Amino acid sequence: MPLRRGKRRRAVGARLAYSPGDSFVHRLDPRTRMATVVATTLVCLTFETPLPLAGVLVLVAAYGWLAGLLLPSIRTLAPILPLLVTIVAIDAFFPRENYGTIFWSASIGLLHPVLSTGSLLFAASMGLRLVILALVGALFVMTTSYSSLVRSLKGMGLPNSLTFALSYALRSTTWLADDLRRIVEAQSARALSFEGRVLVREPSRLLALAVPMTVTVISRSRHVTDAMQVRGYGAVARPSCYHRPRFGRRDLLMNCALAALLLWALLSRAGWFDVL
Amino acid sequence: MATSESTVIEVHNLGFVYPSSPGREPVRALDAITFSVERGQIVLLLGPSGSGKSTLCRALTGLVPHTTPGVMEGSVRIAGSDTRERPVNASARVIGMVFQDPDSQLFSTTVEDEVVFGLEQLGADEEIMDAAVADAIRLLKIDHLRHSTIDALSWGERQRVAIAATLATAPSVLVLDEPLSGLDAESASALVGTLSALRAGFNLTVIVSEHRTELLAPVADREVVLEEGRLVADRVLSARQGSAVRHPGCRASLPYRQRPGSCPSVEIRGVCFRYPGQSRSALDGVNLDLYPGEVTVLIGANGSGKSTLLRMLNGIIRPERGTVAVRGRPIARRPVADIAREVGVLFQGADYLLFSESIADEISFGPRNLGVSGEECARRTADVVRSLGLDGIPPGSSPLSLSIGERQRVAIGSVLAMETPVVALDEPTLGLDSERKLRLGALLRGLADRGRTVVVATHDRPFGDACADRTVTLHGGRIVTDERNPGPGFGCR
């Protein structure tokens with residue numbers, strides 16, 4: 001049975017995780033991909049009408065196509081679709097401002113929902129903005145391995161301790177989840193139940209989880225500290241960086257495109273272009 | 001102490017005392033240890049649990065005294081430098097250490113990042129890093145794992161990555177603390193072969209602290225034996241002596257046949273299970289009956305499905321297909337806490353279990369959860385403490401302040417005290433010395449003789465052979481052999 005449930009889940013949404021590849025986007029420096037996320041976010045916040053945002057969405061879709069991950073990245077939106085629909089609906093009925101034709105209005109207690117041309121445009125803009133941000137974020141995650149991100153941060157001159165902490169944080173997440181599972185299993189095997197309201201009735205049972213968890217975390221951190229020392233952590237003031245990411249021509253091209261996009265958005269905002 | 005140019009390790013009058021902890025006096029872990037090691041030697045460090053092997057390994061790397069609280073006496077010189085005078089991280093080019101648990105020393109996300117970590121920390125050039133990473137990866141035969149994430153690796157693969165990561169900085173001395181624990185026979189043999197190749201190819205000095213010596217003895221040059229922190233023997237081993245160590249598998253086995261008229265206490269029928277996100281089944285159509293009065297030993301490589309099978313016995317994980325029944329009743333719809341009345345399971349890792357303030361509280365925790373009276377709990381605790389040789393430790397001691405071997409025995413005791421008809425133990429010999437293993441084997445045999453069903457998953461073949469009535473081999477989630485042993489304790493012992 002669990003297998004069937006898993007299959008159904010996979011059919012609805014794709015996994016938001018790094019997807020190895022050799023596309024144009026994959027070969028960009030991670031810093032360029034990071035800049036793409038930042039630039040797209042700024043552009044999205046600059047435009048307030050659906051048409052330019054639809055244009056940005058087309059550009060992001062093209063970026064996804066270049067990465068060879070357009071459909072998979074769209075599929076990652078499936079889990080947040082209900083949230084998106086809810087936000088758009090709220091924006092449609094309770095917009096910041098109303099203008100144009102009023103199609104429907106009501107008064108329900110303290111609430112006064114109104115559906116108008118202005119509210120629909122506002123909701124569409126908000127919906128587009130959220131979809132763009134989610135898509136560009138998904139594409140960043142799907143094209144950037146954690147280690148390449150850490151390497152690029154090292155390349156930017158971030159302190160060794162900070163980049164190590166970032167790398168270690170990801171490993172720790174797995175460790176902590178695994179440790180907790182093992183502790184629950186070990187205590188359950190000694191007839192300690194964690195089901196129902198047992199923990200509310202007898203909070204002292206939490207000690208059987210908290211003490212081993214604390215001991216495991218402390219003991220692991222001691223082991224890791226020793227292992228780091230033995231492997232030379234901190235031996236030199238400036239550690240080297242293996243396969244340090246380097247800016248190439250495609251990074252230059254991409255960053256120029258991003259700069260042009262930002263310039264267009266800023267000039268539009270300043271009124272140089274009349275963007276609907 | 002006479003030393004030559006080829007002497008790479010010089011330990012002189014080394015002593016170390018751990019500070020006191022609540023309920024425990026200061027512990028002298030090492031006492032006047034003196035020995036030296038020539039370049040290119042493989043030295044076996046032997047001794048019972050708590051004899052000071054791990055502390056000596058830490059002293060060689062400089063972790064004692066730099067990061068370990070306590071008082072150190074004497075000196076340790078590695079390649080001519082006193083460990084007191086050089087920070088631990090500066091010794092990485094000279095001496096590397098692989099710890100017992102590979103998980104706690106792998107802190108990068110991918111294998112390549114892990115192997116290159118030490119080189120980056122030492123500020124190596126890109127070209128040197130390229131060559132060193134490629135060499136270390138090739139030497140440990142992990143080329144195919146180079147871009148894998150650490151989380152996706154098996155225990156044996158992690159062990160090899162940990163060694164590759166240590167070797168990447170090209171140290172002159174490699175210290176390994178119980179590298180074979182948790183490895184199946186095949187992986188252990190491969191690792192021993194690698195150590196031998198390292199010595200031959202790079203004149204590397206290797207110090208190995210290990211309880212499972214049957215595989216290492218043939219390639220070792222010397223054995224140094226510790227007892228209660230003192231060096232009690234320092235012997236040269238010849239190849240003949242090494243090969244004289246008896247190997248498992250010298251006993252003739254017969255196909256298993258159940259005893260006529262006996263009724264199984266555990267029936268496993270067509271059980272299949274696959275972990276989420278894994279493409280391969282952990283268990284694939286397993287059929288197995290376990291009988292009272294028998295010790296069944298499960299063996300097989302890492303990832304063969306032994307631990308998964310044990311976790312199914314008390315419903316911690318439920319089969320996707322197939323059924324498990326205990327004493328005639330299917331356990332599919334029963335909560336784990338209820339099944340625990342009939343099946344006591346000890347999982348790997350005592351630290352995941354221990355939390356009570358005293359050994360007695362810890363051991364009686366399971367029985368108390370089962371509603372056993374205080375008087376009966378006390379009787380069971382006393383029995384278990386005596387039979388596991390824990391009576392030498394003050395009963396008020398916190399389990400968390402004990403050594404690894406002692407903690408393991410307390411964990412075993414906490415499951416045995418539940419006095420369940422079925423007892424399942426996963427790698428119970430981790431951290432136990434030969435004498436404690438023998439006592440544990442005898443204890444399990446005694447339980448079986450009193451009509452209990454005992455099932456043990458282990459990589460420790462000599463231990464398994466010594467106590468098993470029946471040996472079941474798993475491979476790729478399937479049972480490949482099911483054999484009756486000629487008689488526990490027969491043959492190799």
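What you see is a predicted model; the values in this text were computed from it and never measured. (Residues numbered from 1 in each chain as written. Chains lettered and ligands numbered in written order. Predicted model: local features only at pLDDT ≥ 70, side-chain atom pairs only at ≥ 80, totals over all residues. Heavy atoms only, no water.)

Sheets are built from strands paired through backbone hydrogen bonds, the pairs being either parallel or antiparallel. Residue and element names in this part refer to chain B. Read from one edge to the other, the open sheet built from 4 strands follows the order S2-S1-S4-S5, with strand pairing classed as antiparallel. Single-partner strands in this sheet number two, and they are strand S2 (27-38) and strand S5 (81-82). On top of the sheet, helix H1 (residues 53-61) reaches strand S1 (7-18), S2 and strand S4 (71-78); it is set at about 125° to S1, its chief contact. (Pairing = 2+ DSSP bridges. Helix = DSSP H or I, 4+ residues; strand = E, 2+ residues; numbered from the N terminus. Contact = heavy atoms within 4.5 Å. Axes fitted to C-alpha atoms, helices over the stretch in contact; angles between N-to-C directions.)

Residues and elements named next belong to chain B. Strand order in the open sheet formed by 6 strands is S6-S7-S8-S3-S9-S10, with mixed pairing between adjacent strands. Only two strands of the sheet have a single partner each, and these edge strands are strand S6 (95-98) and strand S10 (230-236). With strand direction ignored, the average angle separating the axes of adjacent strands in the sheet is 15°. Here 4 bridges tie strand S3 (residues 42-46) to strand S9 (residues 222-227), and the two strands are oriented parallel to one another. Looking at S9, one finds that Val43 is bridged to Arg222.

Residue and element names in this part refer to chain B. Ile268, Leu298 and Leu313 are the most contacted members of the largest nonpolar core, which has 75 residues in total. Ignoring any residue separated from it by four or fewer positions in sequence, one finds Leu298 in contact with Leu288, Lys306, Leu309, Leu310, Val455, Val456, Ala457, Thr458, Val472 and Leu474. In terms of nonpolar packing, the next biggest core, distinct from the first, is built from 47 residues, Ala124, Leu174, Leu204 and Val208 among them. (Core = buried A, V, L, I, M, F, W, Y, C linked by side-chain atoms within 4.5 Å. Buried < 20%, exposed > 50% of the residue type's maximum accessible area, 1.4 Å probe, protein only.)

Attention now goes to the interface of chain A and chain B. A common way to state how big an interface is: give the accessible area lost once the parts meet. Facing the 55 residues of chain A at the interface are 64 residues of chain B. Taken together, chain A and chain B are joined by 7 salt bridges. With its nearest N and O atoms 2.8 Å apart, the salt bridge here joins B:Glu114 to A:Arg231. On inspection of chain A and its partner chain B, the count reaches 24 residue pairs in polar contact (both at pLDDT 80 or more). For the side of chain A that touches chain B, the elements supplying multiple residues, two or more each, are helix H7 (146-155), helix H8 (160-188) and helix H10 (207-230) of chain A. The leading source of residues in the side of chain A that touches chain B is H8(A), at 16 residues. Residue composition of the side of chain A that touches chain B, by class: 27 nonpolar, 15 polar and 13 charged. (Salt bridge = Lys/Arg side-chain N within 4 Å of Asp/Glu carboxyl O. Polar contact = N/O pair within 3.5 Å; in protein donor to acceptor, adjacent residues only side chain to side chain. Nonpolar A, V, L, I, M, F, W, Y, C, P; charged D, E, K, R; others polar.)

All names here are of chain B. With 13 residues, helix H5 (residues 155-167) extends 18 Å between its outermost C-alpha atoms, agreeing within 8% with the 18 Å of an ideal straight helix rising 1.5 Å per residue. Of all 13 residues that make up H5, 11 are buried, and the element is covered over most of its length. What H5 keeps buried is the set Gly156, Glu157, Arg158, Gln159, Val161, Ala162, Ile163, Ala164, Ala165, Thr166 and Leu167. Elements that come into contact with the buried residues of H5 comprise S6, helix H3 (111-121), helix H4 (126-139), strand S7 (173-177) and helix H6 (185-202). (Expected span 1.5 Å × (residues − 1).)

Right, let's talk about the packing of H3(B) against H5(B) for a bit. Residues and elements named next belong to chain B. Their axes nearest at 7 Å, the elements H3 and H5 cross at an angle of 35°. The handedness of the crossing between H3 and H5 is right-handed. Residues Val111, Glu114 and Val115 of H3 pack against Val161, Ala164 and Ala165 of H5. When its residues are assigned to classes, the contact of H3 with H5 shows 5 nonpolar, no polar and 1 charged. (Left-handed = near helix turned anticlockwise from the far one by under 90°.)

Attention shifts here to the side chain of B:Gln408. All names here are of chain B. With respect to the helices and strands, Gln408 occurs in helix H12 (residues 404-416). Gln408 sits in the buried class, given a relative accessible area of 7%. Those residues in contact with Gln408, other than ones at most four positions away along the chain, are Leu346, Ala350, Glu427, Pro428, Thr429, Leu430 and Leu432.

Residue and element names in this part refer to chain B. Domain boundaries assigned for chain B yield domain 1 (7-243) and domain 2 (254-484). Using only C-alpha atoms to locate each centre, domain 1 and domain 2 end up separated by 31 Å. Contact residues are listed per partner, giving 16 residues for domain 1 and 17 residues for domain 2. Together, the buried faces of domain 1 and domain 2 total about 1300 Å²; carbon and sulfur atoms form 49% of this surface. Where domain 1 packs against domain 2, one counts 0 salt bridges. Classifying every residue of the side of domain 1 that touches domain 2 by side-chain character gives 3 nonpolar, 9 polar and 4 charged. (Domains from an automatic or database assignment. Buried area = accessible area lost by both parts, 1.4 Å probe.)

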